[in-house]
Amino acid sequence: MAPGVTDAVFSATAYHWISQPAQTDRPAALLRPGGVVAIVDLSQVDSPDDGGFFAASQLIYPRYGQGHTGPPAPYREQVDPAIRQVLDADDRFDAVTVRQYDWNQSCIAADYRQLMLSYSVTQMMDSADRRGLLDDMEAFISDHAGGSITRPLVVTLTTATRV
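Residues numbered from 1 in each chain as written. Predicted model: local features only at pLDDT ≥ 70, side-chain atom pairs only at ≥ 80, totals over all residues. Heavy atoms only, no water.

Colleague: What's the story with the packing of aromatic side chains in this structure? I'm lost.
Modeller: Geometrically, a pair of aromatic rings is defined through the distance of the ring centres and the angle of the planes. All told, the structure shown has four aromatic pairs when counted by the stated rule. Judged by centre distance (5.9 Å) and plane angle (90°), the ring pair of phenylalanine 53 and tyrosine 112 falls under edge-to-face. With phenylalanine 53 in helix H2 (residues 53–57) and tyrosine 112 in helix H4 (residues 109–117), the pair connects residues that are 59 residues apart, well separated along the chain. When its relative accessible area of 4% is taken as the criterion, phenylalanine 53 is described as buried. Seen from their ring centres, phenylalanine 54 and tyrosine 112 are 6.2 Å apart, and the 70° between their planes marks the pair as edge-to-face. (Phe/Tyr/Trp six-rings, centres within 6.5 Å; stacked < 30°, edge-to-face > 60°. Helix = DSSP H or I, 4+ residues; strand = E, 2+ residues; numbered from the N terminus. Buried < 20%, exposed > 50% of the residue type's maximum accessible area, 1.4 Å probe, protein only.)

Colleague: Even after reading the chapter, I still don't get the nonpolar core, so can you show me in this structure?
Modeller: The biggest cluster of nonpolar side chains holds 17 residues, and the ones touching the most others in it are Phe53, Tyr112, Met116, Leu133, Met137, Ile141 and Ile149. Of all the secondary-structure elements, those providing two or more residues to this core are H2, H4 and helix H6 (127–144). With five residues, the top contributor of residues to this core is H6. Those residues in contact with methionine 137 that sit more than four places away from it in its chain are Phe53, Ser57, Ile60, Tyr61, Tyr112 and Met116. (Core = buried A, V, L, I, M, F, W, Y, C linked by side-chain atoms within 4.5 Å. Contact = heavy atoms within 4.5 Å.)

Colleague: Help me understand the layout of surface pockets in this model?
Modeller: In this structure, the largest pocket encloses a volume near 1700 Å³. Counting residues per element, the ones that place at least two in the lining of the largest pocket are helix H1 (20–30), strand S2 (31–44), H2, helix H3 (82–88), H4, helix H5 (120–123) and strand S4 (148–162). The element contributing the most residues to the lining of the largest pocket is S2, with five residues. Among the residues making up the lining of the largest pocket, the classes are represented as 24 nonpolar, 19 polar and five charged. (1 Å grid on protein atoms, 1.4 Å probe; cavity = no way out; pocket = protein on both sides within 12 Å on 5 of 7 lines; lining within 4 Å. Points joined across faces, edges and corners; volume = space filled by probe spheres on them. Nonpolar A, V, L, I, M, F, W, Y, C, P; charged D, E, K, R; others polar.)

Colleague: Even after reading the chapter, I still don't get unusual backbone geometry, so can you show me in this structure?
Modeller: Trans is the prevailing form of peptide bonds, just as negative phi is the prevailing case for residues other than glycine. Of note in the backbone geometry, threonine 13 takes a positive phi value of approximately 55° without being a glycine. Looking at the secondary structure, you find threonine 13 in the loop between strand S1 (6–12) and H1.

Colleague: I would appreciate a short explanation of the sheet that holds S2 in the present structure.
Modeller: Note: strands within a sheet are paired through backbone hydrogen bonds, in either parallel or antiparallel orientation. Reading across the sheet, the four strands line up as S1-S2-S4-S3 and stay open at both edges, with mixed pairing between neighbours. With one partner strand each, in any of the chains shown, S1 and strand S3 (93–108) form the two edges of the open sheet. Ignoring strand direction, the axes of neighbouring strands in this sheet form an average angle of 15°. Together, S3 and S4 form the strand contacts of H4, whose direction differs from that of S3 by roughly 140°. (Pairing = 2+ DSSP bridges. Axes fitted to C-alpha atoms, helices over the stretch in contact; angles between N-to-C directions.)

Colleague: Looking at this structure, I do not really get H6. What am I missing?
Modeller: Because an α-helix packs 3.6 residues into every turn, residues spaced three or four apart end up facing the same way. Its 18 residues place the ends of H6 25 Å apart at the C-alpha level, agreeing with the 26 Å of an ideal helix rising 1.5 Å per residue. Taken together, the buried positions of H6 are Gly132, Leu133, Leu134, Met137, Phe140 and Ile141. Those residues of H6 that are buried lie in contact with H2, H4, H5 and S4. Measuring from the side-chain oxygen of the N-cap residue of H6 to the backbone nitrogen of alanine 128 gives 3.1 Å; that N-cap residue is aspartate 126. (Expected span 1.5 Å × (residues − 1). Polar contact = N/O pair within 3.5 Å; in protein donor to acceptor, adjacent residues only side chain to side chain.)

Colleague: Is there a simple way to think about the side chain of threonine 122 in this case?
Modeller: Positionally, threonine 122 belongs in helix H5. A relative accessible area of 3% means that threonine 122 is categorised as buried. There is a polar contact of 3.0 Å between the side chain of threonine 122 and the backbone oxygen of methionine 116. Those residues within four positions of threonine 122 in sequence are excluded, and the remaining contacts are Met116, Leu117, Arg130 and Leu134.

Interpretation in functional terms is not warranted from these geometric data alone.
Given below as structure tokens:
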């Protein structure tokens, strides 16, 4: 593709896997002046909408060598996608805008199991540990959460214009 001729660059829920320099260098090279980079992120948030499920289910993960080690999940109003700061700091882009959409994803136990299988950390687990984690999580949802859960999320759309 010729440099500087593209109208838009778009990524949905994958941009965090790209090195930070490439997050701006590649779109800056591809976009024409006035072209737009658009990044969709999905953040799980701390919300009473989950009925306490996510806090209670954390006890399952250490049985299988897993567990959350990072900062706690933000509240909905605290979500600030990392790409916003990256684009704000790059003088090749301006008009950085973040649009936020609240979403409560409902899942029955079997569907949440399938969702967990899509996570790279789950896929990289030893197969016996993965099966144990998924079995325990599905049973926990069935036995303690009434068979379904609500996953509180914030979807963000961050856009910036190529100068």
